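# Examining the three-dimensional arrangement
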Amino acid sequence: MIEFKNIEIKYGNFIAIKDLNLQIKEGEFFTFLGPSGCGKTTTLRSLVGFLTPSAGKIIVDDVDITDKPVEKREIGMVFQSYALFPTMTVYDNIAFGLKVKKLSKDEIKKKVYEVAKKIEINETQLFRNVSELSGGQQQRVALARAIVLEPKILCLDEPLSNLDAKLRVGLRGELKRLQKNLGITTLYVTHDQEEALAISDRIAIMKSGDIMQVGSPEEIYKKPANIFVAGFIGTSNFINGEITKVLPNNTAEVRFGNDSTFIAPIKKDYTGKVIISARPEQLIFSDEGIQGKITISTFLGDFVNYEIEIDNGQTIELNEYTKDTDTVKANGEKVRISFNPSKIGLYNADTEEALSW
């Protein structure tokens, strides 16, 4: 439904977006995720029409909208600050865009009440001033104001970032449910990894104006395309190693630590320095494997997080779930650690690109 073709966006001499190419499906909940300044909001604003690309095209339903005015793009926008009118009632805030379009009072009333029902805003709330509402209620009003105009596309720029952590968790589930019920193509911007994983059909990970990887939450988490994605999504341990020998059946011998080795699957014919990536939950205590010493143990309820200095001097993290053990290991205790070689990631140490998938 949406296609960004060779998009470049500049601020003076600074290139904020570099040759971006991306396709988004109809009805999809698509999230741009990345650190501050990576270009995710800039990309969203170019789709809405607040910014004009210096190169490339934006296509919606096979129509080039690159130079089309904002008001003719049929795109709804919910801002981080919500941008509501604090002295107006909820009803008047939702109706504002309809009044600009000069719809009749009866049409406006019908549409406002319809969207209020979908967003679960009751009649009492409709006639309260926006300034009297909680942050979560204001977020609903901002969403209703965008949806009432019946846009083809809904854009949300960090709409939950001003809310407290508990409310954010509750509202992100509601947002996903509403989006699916409405069936509207939605583009979402956030820097919160957990939020992106929880609500998205697909995610684009961005860094310095480039897309590092596009995929489902599961693909992004389990098969990061490069070191940046592996480090940005969740927690990863990075251990220096070397592929010493390519073996049959797309496997290789990997050496790490003080001459420890394992056999791992690889997709590329490569020998040389590698970075081994393993998440804390992918490591286990065992009778064989890497030697190490626990430096810090932290009890976190569902699991115990251990920081362990391994025999090559690096420190790694291991999570042991409390359902699987009755004791917490002591600081200073010597341990051995192993992992399933098919579950961890192998990356070229020079290019930082994945070798294992």
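Note: the structure precedes this text.
Residues numbered from 1 in each chain as written. Predicted model: local features only at pLDDT ≥ 70, side-chain atom pairs only at ≥ 80, totals over all residues. Heavy atoms only, no water.

## A few points about the overall build of the protein chain
Counting its regular elements, the protein chain contains nine helices and 19 strands. In terms of principal-axis extent, the alpha carbons of the protein chain reach across some 80 × 50 × 35 Å. Considering only residue pairs separated by 6 or more positions, the protein chain has 63% of its internal contacts joining residues 24 or more positions apart. In the form shown here, the protein chain has an accessible surface area of approximately 17,700 Å², with 47% of it arising from carbon and sulfur atoms. For the protein chain, the centre of its 45 positive side-chain charges and the centre of its 49 negative side-chain charges are spaced 5 Å apart. (Helix = DSSP H or I, 4+ residues; strand = E, 2+ residues; numbered from the N terminus. Contact = heavy atoms within 4.5 Å. Areas by Shrake-Rupley, 256 points an atom, 1.4 Å probe, with all protein chains shown as cover. Lys, Arg positive; Asp, Glu negative; His and termini not counted. Charge placed at Lys NZ, Arg CZ, Asp CG, Glu CD.)

## Points about helix H5 (residues 135–147)
Here H5 contains 13 residues, and its C-alpha end-to-end distance of 18 Å stays within 8% of the 18 Å for a straight helix at 1.5 Å per residue. Judged by how many residues are buried, H5 sits mostly within the fold: ten of 13 residues are covered. Listed in full, the buried residues belonging to H5 are Gly-136, Gln-139, Arg-140, Val-141, Ala-142, Leu-143, Ala-144, Arg-145, Ala-146 and Ile-147. Elements in contact with the buried residues of H5: strand S6 (75–78), helix H2 (90–100), helix H3 (105–119), strand S7 (153–157) and helix H6 (165–182). (Expected span 1.5 Å × (residues − 1). Buried < 20%, exposed > 50% of the residue type's maximum accessible area, 1.4 Å probe, protein only.)

## Here's the deal with the pairing of strand S8 (residues 185–190)
Of all six residues in S8, six are buried; the element is thus mostly enclosed. Side chains Thr-185, Leu-187 and Val-189 of S8 all project onto a buried face; the interleaved residues Thr-186, Tyr-188 and Thr-190 project onto the opposite face, where all are buried too. In terms of strand pairing, strand S3 (residues 29–33) meets S8 through five bridges, oriented parallel. When the bridges of S8 are listed, Leu-33 appears paired with Thr-190. (Pairing = 2+ DSSP bridges.)

## Quick notes on the pairing of S6
Alternating residues of S6 divide into Ile-75 and Met-77 and Gly-76 and Val-78, and every residue in both groups is buried. With four bridges connecting them, S6 and S7 associate as parallel partners. Of the residues in S7, the one forming a bridge with Gly-76 is Leu-154.

## So, the packing of H2 against H3
It is at 10 Å that the axes of H2 and H3 come closest, and there the two elements cross at 130°. Viewed along their axes, H2 and H3 adopt a mutual orientation that is oblique. For the pair H2 and H3, the sense of crossing is right-handed. Contact residues: H2 offers Tyr-91, Ile-94, Ala-95, Leu-98 and Lys-99, while H3 offers Ile-108, Lys-109, Lys-111, Val-112, Tyr-113 and Val-115. (Axes fitted to C-alpha atoms, helices over the stretch in contact; angles between N-to-C directions. Parallel < 35°, antiparallel > 145°, perpendicular 65-115°, else oblique. Left-handed = near helix turned anticlockwise from the far one by under 90°.)

## Examining the sheet that holds strand S4 (residues 55–60)
The strands that make up a sheet are held in pairs by hydrogen bonds between backbone atoms, and each pair lies either parallel or antiparallel. Pairing is antiparallel across the open sheet formed by four strands, whose spatial order is S2-S1-S4-S5. Each having just a single partner strand, strand S2 (14–24) and strand S5 (63–64) make up the two edges of the open sheet. Pairing analysis gives two bridges linking S4 to S5, with the strands arranged antiparallel. Following the sheet pairing, Val-60 is matched in S5 by Val-63. Across the face of the sheet, helix H1 (residues 40–48) comes into contact with strand S1 (2–11), S2 and S4 while running at roughly 115° to S1.

## Notes on the environment of Glu-174
Positionally, Glu-174 belongs in helix H6. Note on Glu-174: relative accessible area 23%, which makes it partly exposed. In the structure, Glu-174 is positioned 63 residues away from Lys-111 in sequence and 21 Å away in space, judged by C-alpha atoms.

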